[in-house]
Amino acid sequence: MAMEMRLPVARKPLSERLGRDTKKHLVVPGDTITTDTGFMRGHGTYMGEEKLIASVAGSVERVNKLICVKALKTRYIGEVGDIVVGRITEVQQKRWKVETNSRLDSVLLLSSMNLPGGELRRRSAEDELAMRGFLQEGDLISDGQGSQGHGSVAL
Amino acid sequence: MAGLELLSDQGYRVDGRRAGELRKIQARMGVFAQADGSAYIEQGNTKALAVVYGPHEIRGSRARALPDRALVNCQYSSATFSTGERKRRPHGDRKSCEMGLQLRQTFEAAILTQLHPRSQIDIYVQADGGTYAACVNAATLAVLDAGIPMRDFVCACSAGFVDGTALADLSHVEEAAGGPQLALALLPASGQIALLEMDARLHEDHLERVLEAAAQAARDVHTLLDRVVRQHVREASILLGD
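Quick notes on the rules
Residues numbered from 1 in each chain as written. Chains lettered and ligands numbered in written order. Predicted model: local features only at pLDDT ≥ 70, side-chain atom pairs only at ≥ 80, totals over all residues. Heavy atoms only, no water. Helix = DSSP H or I, 4+ residues; strand = E, 2+ residues; numbered from the N terminus. Expected span 1.5 Å × (residues − 1). Buried < 20%, exposed > 50% of the residue type's maximum accessible area, 1.4 Å probe, protein only. Arc of directions from axis to C-beta. Contact = heavy atoms within 4.5 Å. Pairing = 2+ DSSP bridges. Axes fitted to C-alpha atoms, helices over the stretch in contact; angles between N-to-C directions. Salt bridge = Lys/Arg side-chain N within 4 Å of Asp/Glu carboxyl O. Buried area = accessible area lost by both parts, 1.4 Å probe. Nonpolar A, V, L, I, M, F, W, Y, C, P; charged D, E, K, R; others polar.

J.: Explanation requested: helix H1 (residues 94-110) of chain B in the structure shown.
T.: A turn of α-helix holds 3.6 residues, and therefore any two residues three or four places apart point the same way. Residues and elements named next belong to chain B. In this model, H1 (17 residues) spans 25 Å end to end at C-alpha, consistent with the 24 Å of a helix rising 1.5 Å per residue. Within the span of H1, buried status applies to Ser96, Met99, Gly100, Gln102, Leu103, Thr106, Phe107 and Ala110. Looking straight down H1, one finds that the buried residues subtend no more than 165° of arc, so they occupy a single side.

J.: Just checking my understanding: could you explain the environment of Val210(B) for this structure?
T.: Residue and element names in this part refer to chain B. Its place among the elements puts Val210 in helix H4 (residues 204-240). Note on Val210: relative accessible area 1%, which makes it buried. With sequence-adjacent residues up to four places away left out, Val210 is seen in contact with Ala159, Gly160, Phe161, Ala166, Leu182 and Leu202.

J.: So what exactly am I meant to see when it comes to the sheet that holds strand S4 (residues 45-48) of chain A here?
T.: Backbone hydrogen bonds are what pair the strands of a sheet, in a parallel or an antiparallel way. All names here are of chain A. Read from one edge to the other, the open sheet built from three strands follows the order S2-S5-S4, with strand pairing classed as antiparallel. Each end of this open sheet is capped by a strand with a single partner; those strands are strand S2 (32-34) and S4. Between one strand axis and the next, the sheet turns by 45° as a mean value, whatever way the strands run. Note: S2 against strand S5 (residues 51-54), two bridges, orientation antiparallel.

J.: Whenever I open this one, the pattern of salt bridges confuses me. Can you help?
T.: Any two side chains of opposite charge can pair, given that their charged atoms come close. In this structure the tally under the stated criterion is 13 salt bridges over all chains. Among the ionic pairs, Asp36(B) bridges to Arg75(A), the shortest N-O distance being 2.8 Å. On the criterion of chain membership, the pair formed by Asp36(B) in the loop between strand S1 (25-29) and strand S2 (37-43) and Arg75(A) in the loop between strand S7 (66-71) and strand S8 (84-92) is interchain, its members lying in two chains. Residue Asp36(B) is classed as buried on the basis of its relative accessible area, which comes to 15%. For Arg75(A), a relative accessible area of 10% translates into the label buried.

J.: Honestly, the interface of chain B and chain A in this entry has me stumped. Any pointers?
T.: The accessible area lost on association of the parts is a frequent measure of interface size. At the junction of the two partners, chain B supplies 38 residues and chain A supplies 31 residues. Ranking the residues of chain B by area buried against chain A places Glu57(B), Val233(B) and Ile238(B) at the top, with a combined share of 20%. At the junction of chain B with chain A, the criterion picks out three salt bridges. Going through the elements one at a time, helix H2 (131-145) and H4 of chain B are the ones with two or more residues in the side of chain B that touches chain A. Among the residues forming the side of chain B that touches chain A, the class breakdown is 17 nonpolar, nine polar and twelve charged.

In short, the description is geometric, and any link to function would need to be established separately.
Below is the structure:
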């Protein structure tokens, strides 16, 4: 019976193997992106001594006059229309705090929840007291609306 | 110590390096999948592992939240088998607390904390001299890996002074010999110092030279780390697709 055995060899770096030259402009923090002051600065950049400097490691994206650096890996950043799955961490007055692996805990307002008895009902004090009956700490929820509000996602 | 020459007549140190040479450095980013960012660095025999979680919501007391900045939390612990004598308490002792505090000061200077409410950085080290420098270098790579915005890399190196010559990147033997040692953390692009620490006696005339040796060594470390990060970013972006 014939057997083929291969000895271990050092792995070739990825860029050699795929043979492609990536056309993206890759930067690391501290790199100057441009010295042209006509650009608006977006996420992942900061202004230092009349130069636009990158603050994360990633690829530079340019949309007309806006320059931003898209980091390779970040926490979840909510967009309108995303469907998220989260776990309730806290029950507060008139809202729940939901953990969605983003920079801050997401917020689920009592007023945005569909309660029995009609959607346009004003939330009363009894509704607030009954909040724990609907969702408690540790419950898993999924939600299909989203909007950004000062850094946290409102579900 | 009788018979131990830290610097020979020909200018060689105990491990065969010249005065300004660094130890061999190897670094890897993204070693843990479950953390937001992680990195591993070896500087000679010193190995440091840094893990970053964040930015995330403040856990524990809400009162610690700063309204305009992120809270940076650093913890240093060394493995029980890492020093000459087996350490019974890996964290909580004075040296670990002091190291944690120094790391926190260094990174608060470099991370753009105004953009987030809280980050937490935990650093774990096994040591053979130059622990502060290895920790800072590992933590820089880990913070980069986590995508947390930073002003610039933070590169650190230690330096000492023996027989009128400034030595860069001290090993454990050289540190234990008891001469003056200086630890420097630098932001290379702007040349700004994030942290400078020395707790020994050194004549002020020599300070300039030792500082310059440490700064040059930190810039050399930056060249290396820069290469590691660019390679990592290039590979990751190829894998993620265009």
